[in-house]
Amino acid sequence: MAQKDIKINIIGAGVSGLAAAITLKKAGYHAQIFEQSDAVGGRIKTTNHGSMKLDHGFQVLLDQYPAAQEFLDLETLSLIKFSPASIIFINGKKHVIGDAQRDMSFAWSTIIAGVGSVNDKWKVFTLSRKLKQKNLTDIFNSPETTTLKYLQDYGFSQKMIDCFFKPFYTGIFLETQLQTSSRMFEFVFKMFSEGNATIPAGGIKAIPEQMARQLDGQIQLNTAVKEIVADTIQLANGDNLKSDYTIIATPAEVLVPNLPKSNKPWHSVQTLYFDTDDHGFDQPIIGLIAGDDCLSNNFHFLNDVFENHPKVISVSVVAKHHLTKDQLEERVRKELIEQANIKAGDLIKMMEIKKALPTFDSIQYAMNPTETQLTQNIFLAGDQLSNGSLNAAMLNGKAAAQAVISNIENGIFV
Ligand SMILES: Cc1cc2nc3c(=O)[nH]c(=O)nc-3n(C[C@H](O)[C@H](O)[C@H](O)COP(=O)(O)OP(=O)(O)OC[C@H]3O[C@@H](n4cnc5c(N)ncnc54)[C@H](O)[C@@H]3O)c2cc1C
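Predicted model, so just to flag it, every value in this text is computed and none were measured.

### With respect to the site of the ligand
Argument step 1. By nearness alone, 34 residues border the ligand, and Glu35, Arg43, Gln59, Tyr65 and Asp383 come closest of all.
Argument step 2. In this structure, an oxygen atom belonging to the ligand sits 2.6 Å away from a side-chain N or O atom of Glu35.
Argument step 3. Taking Tyr65, its side chain carries an N or O atom lying 2.7 Å from an oxygen atom of the ligand.
Argument step 4. Surface burial for the ligand is 91%, taken as the share of its 1,000 Å² of free accessible area covered by protein chains.
Argument step 5. Of all the secondary-structure elements, those providing two or more residues to the shell around the ligand are helix H1 (15-26), strand S19 (344-358) and helix H12 (390-409).
Argument step 6. Looking at the shell around the ligand element by element, the count peaks at 3 residues for S19.

### Looking at the sheet that holds strand S10 (residues 219-220)
Argument step 1. If you walk across this open sheet you meet the 5 strands as S10-S2-S1-S14-S20, and the pairing is parallel. Only two strands of the sheet have a single neighbouring strand rather than two, namely S10 and strand S20 (378-380).
Argument step 2. Relative to strand S2 (residues 31-34), strand S1 (residues 8-11) runs parallel, the two being bridged by 4 bridges. Looking across to S2, one finds that Asn9 is bridged to Gln32.

### Some points on H1
Argument step 1. A rise of 1.5 Å per residue sets the reference length of H1, with its 12 residues, at 16 Å; its end C-alpha atoms lie 16 Å apart and thus fit the reference within 8%.
Argument step 2. Among all positions in H1, only Val15, Ser16, Gly17, Leu18, Ala19, Ala20, Ala21, Ile22, Thr23 and Leu24 are buried.
Argument step 3. One or two residues past the end of H1 sits Gly28, with phi positive at roughly 95°.

### Notes on the pairing of S1
Argument step 1. Here S1 shows no split at all, with Ile8 and Ile10 on one side and Asn9 and Ile11 on the other all buried.
Argument step 2. Examined bridge by bridge, S1 and strand S14 (residues 245-248) share 4 bridges and lie parallel to one another. Bridged to Ile8 within S14 is Tyr245.
Argument step 3. Taking the sense of rotation as the criterion, the β-α-β connection linking S1, H1 and S2 turns out right-handed.

### Considering the environment of Leu136
Argument step 1. Summarising the element assignment, Leu136 is placed in helix H5 (residues 136-141).
Argument step 2. According to the relative accessible area criterion, Leu136 is buried, its value standing at 18%.
Argument step 3. Residues Leu136 and Tyr365, 229 residues apart in the sequence, show an inter-C-alpha distance of 7.8 Å.
Argument step 4. If near-sequence neighbours (up to four positions away) are discounted, Leu136 is found in contact with Pro66, Phe187, Lys190, Met191 and Tyr365.

### A closer look at the packing of helix H4 (residues 118-133) against helix H8 (residues 182-194)
Argument step 1. The contact between H4 and H8 brings their axes to 9 Å, and the two run at 95°. As summarised for this structure, H4 and H8 are arranged roughly perpendicular, according to the angle between their axes. Contact with H4, carried on its side by Val124, Leu127, Ser128, Lys130, Leu131 and Lys132, involves Phe185, Glu186, Phe189, Lys190, Ser193 and Glu194 of H8 and no other residues of that element.
Argument step 2. For the contact of H4 with H8, the class distribution of residues is 5 nonpolar, 2 polar and 5 charged.

### Structural notes on the packing of aromatic side chains
Argument step 1. Applying the stated criterion across every chain yields a total of 24 aromatic pairs.
Argument step 2. Residues Tyr245 and Phe379 carry aromatic rings whose centres are separated by 6.0 Å and whose planes lie at 50° to one another, so their mutual orientation is tilted. With Tyr245 in strand S14 and Phe379 in strand S20, this residue pair connects regions lying 134 residues apart in the sequence. Phe379 shares its class with Tyr245; the two are buried.

### Comments concerning the nonpolar core
Argument step 1. Core analysis: the largest hydrophobic core is formed by 103 residues, its most contacted members being Leu24, Phe165, Phe187 and Ile247.
Argument step 2. Three or more residues apiece are contributed to this core by two domains, here domain 1 (3-45 + 205-261 + 362-409) and domain 2 (50-200 + 266-358).
Argument step 3. The residues touching Ile247, leaving out its near neighbours within four places in the chain, are Asn9, Ile10, Ile11, Ala20, Leu24, Phe379, Ala381, Ala400, Ala401 and Val404.

### Some points on empty space enclosed by the protein
Argument step 1. One pass over the structure, following the stated rule, counts 1 cavity of 30 Å³ or more.
Argument step 2. By volume, the largest cavity amounts to about 50 Å³.
Argument step 3. Contributing to the lining of the largest cavity are Lys53, Asp55, Phe58, Ile199, Tyr273, His300, Leu302 and Phe306.

### Some words on the UniProt feature "domain: Amine oxidase" (unreviewed entry) in the protein chain
Argument step 1. UniProt feature "domain: Amine oxidase" (unreviewed entry): in the numbering of this structure it lies at residues 15-405.
Argument step 2. Helix makes up 32% of residues 15-405 and strand 25%, with an end-to-end C-alpha separation of 19 Å.

The rules behind these values
- Residues numbered from 1 in each chain as written.
- Predicted model: local features only at pLDDT ≥ 70, side-chain atom pairs only at ≥ 80, totals over all residues.
- Heavy atoms only, no water.
- Near = heavy atom within 4 Å.
- Polar contact = N/O pair within 3.5 Å; in protein donor to acceptor, adjacent residues only side chain to side chain.
- Areas by Shrake-Rupley, 256 points an atom, 1.4 Å probe, with all protein chains shown as cover.
- Helix = DSSP H or I, 4+ residues; strand = E, 2+ residues; numbered from the N terminus.
- Pairing = 2+ DSSP bridges.
- Expected span 1.5 Å × (residues − 1).
- Buried < 20%, exposed > 50% of the residue type's maximum accessible area, 1.4 Å probe, protein only.
- Right-handed = clockwise from strand over helix to strand, strands pointing away.
- Contact = heavy atoms within 4.5 Å.
- Axes fitted to C-alpha atoms, helices over the stretch in contact; angles between N-to-C directions.
- Parallel < 35°, antiparallel > 145°, perpendicular 65-115°, else oblique.
- Nonpolar A, V, L, I, M, F, W, Y, C, P; charged D, E, K, R; others polar.
- Phe/Tyr/Trp six-rings, centres within 6.5 Å; stacked < 30°, edge-to-face > 60°.
- Core = buried A, V, L, I, M, F, W, Y, C linked by side-chain atoms within 4.5 Å.
- Domains from an automatic or database assignment.
- 1 Å grid on protein atoms, 1.4 Å probe; cavity = no way out; pocket = protein on both sides within 12 Å on 5 of 7 lines; lining within 4 Å.
- Points joined across faces, edges and corners; volume = space filled by probe spheres on them.
- UniProt positions renumbered as here; feature names shortened; annotations may be inferred.

Right under this line is the structure:
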């Protein structure tokens with residue numbers, strides 16, 4: 001069969017499905033993507049609200065992700081870098097802690113910040129040096145424990161953990177108890193030490209949109225897939241399609257009959273956007289609220305990040321609670337003023353992302369191509385296979401595509 005006659009289909013136009021299609025295209029194969037929603041990007045979304053750019057949940061691209069370097073044209077994305085620092089508010093007091101190795105202006109504020117001892121801050125430096133030298137293979141082959149235990153074993157004080165690591169990593173792991181694997185902690189800490197947390201000038205959705213532009217005419221939006229059995233894809237509208245190879249770039253258990261159902265919970269987050277008269281911090285920087293029993297976790301000013309953006313503050317809430325939307329709005333407003341002396345104006349939007357990050361018993365860096373093959377015709381991709389990050393999502397898409405290519409080229413063509 002000629003290369004052009006091989007039918008390869010991908011379910012899901014998140015970054016994983018897009019990376020799979022790009023990998024196939026580079027190798028000379030055409031794949032068709034079916035996406036149930038009306039846009040590419042999956043969990044990466046930005047709503048343009050007037051002149052505001054409201055991302056669906058605060059997320060950043062770590063520019064040292066190996067997959068970002070491979071799949072994205074970082075220059076064209078015009079990445080806006082967050083300062084390598086955080087402003088931490090604890091019961092009304094402000095502390096600034098930053099990476100003085102990259103920006104000396106944070107050296108003094110970091111030394112005097114009342115979030116841990118001088119020994120703690122020295123340990124941050126030694127940990128950063130250690131993880132810069134540790135390669136990704138070694139990180140993901142290391143024994144796993146929780147991030148909390150890892151930090152305790154490394155010798156950080158409880159104060160440093162409570163006042164810095166917990167609020168900072170709650171916003172990344174989307175869980176409040178630092179129960180996420182120490183491998184993920186080492187990986188993320190390394191990426192932060194070696195590069196920058198960034199947002200594209202067009203908002204986070206510029207990432208999948210740039211990937212989609214490499215795939216002209218290959219993405220069919222508003223097309224949900226109902227079921228996949230062997231070489232047949234059934235669409236939700238009842239149509240059946242023949243597919244020699246199908247890559248499922250979303251959890252497969254709902255699409256493939258008889259797969260064991262995962263009962264793993266997902267981490268969730270709520271994001272509240274308020275207008276404000278506060279002019280912000282004059283630089284893109286992450287604010288953390290570490291006061292006792294606060295629900296608000298991290299915040300930043302959109303006008304600090306995007307040029308000519310209206311004054312808007314974005315606040316993430318990760319902790320579980322039983323408040324109604326109105327009660328949550330009032331609670332966050334109160335915390336902002338009491339903890340950080342920031343007056344929030346009208347609520348612009350509240351978003352709840354129930355399935356933000358998958359949870360794992362054990363995490364891996366990414367799948368090997370051979371591990372992605374489920375059946376003769378079906379291959380798996382998506383971040384939920386190895387760890388919840390853009391990096392893993394893209395690399396797993398690539399791995400599934402490579403497995404399809406090697407099946408075809410090694411004559412295992414079905
Ligand atoms: C709030 C939040 C914050 C995050 N923060 C970060 C961060 O700072 N850094 C980082 O690296 N990562 C972060 N992540 C994780 C990152 O966004 C994900 O790892 C990545 O987007 C997952 O991509 P994916 O393609 O695997 O899955 P998804 O984005 O979930 O894509 C799956 C796609 O499949 C489609 N689909 C599903 N079922 C069907 C069907 N039956 N038919 C057709 N289409 C279907 C869906 O509509 C979706 O478009 C964050 C995620 C969230 C939500």
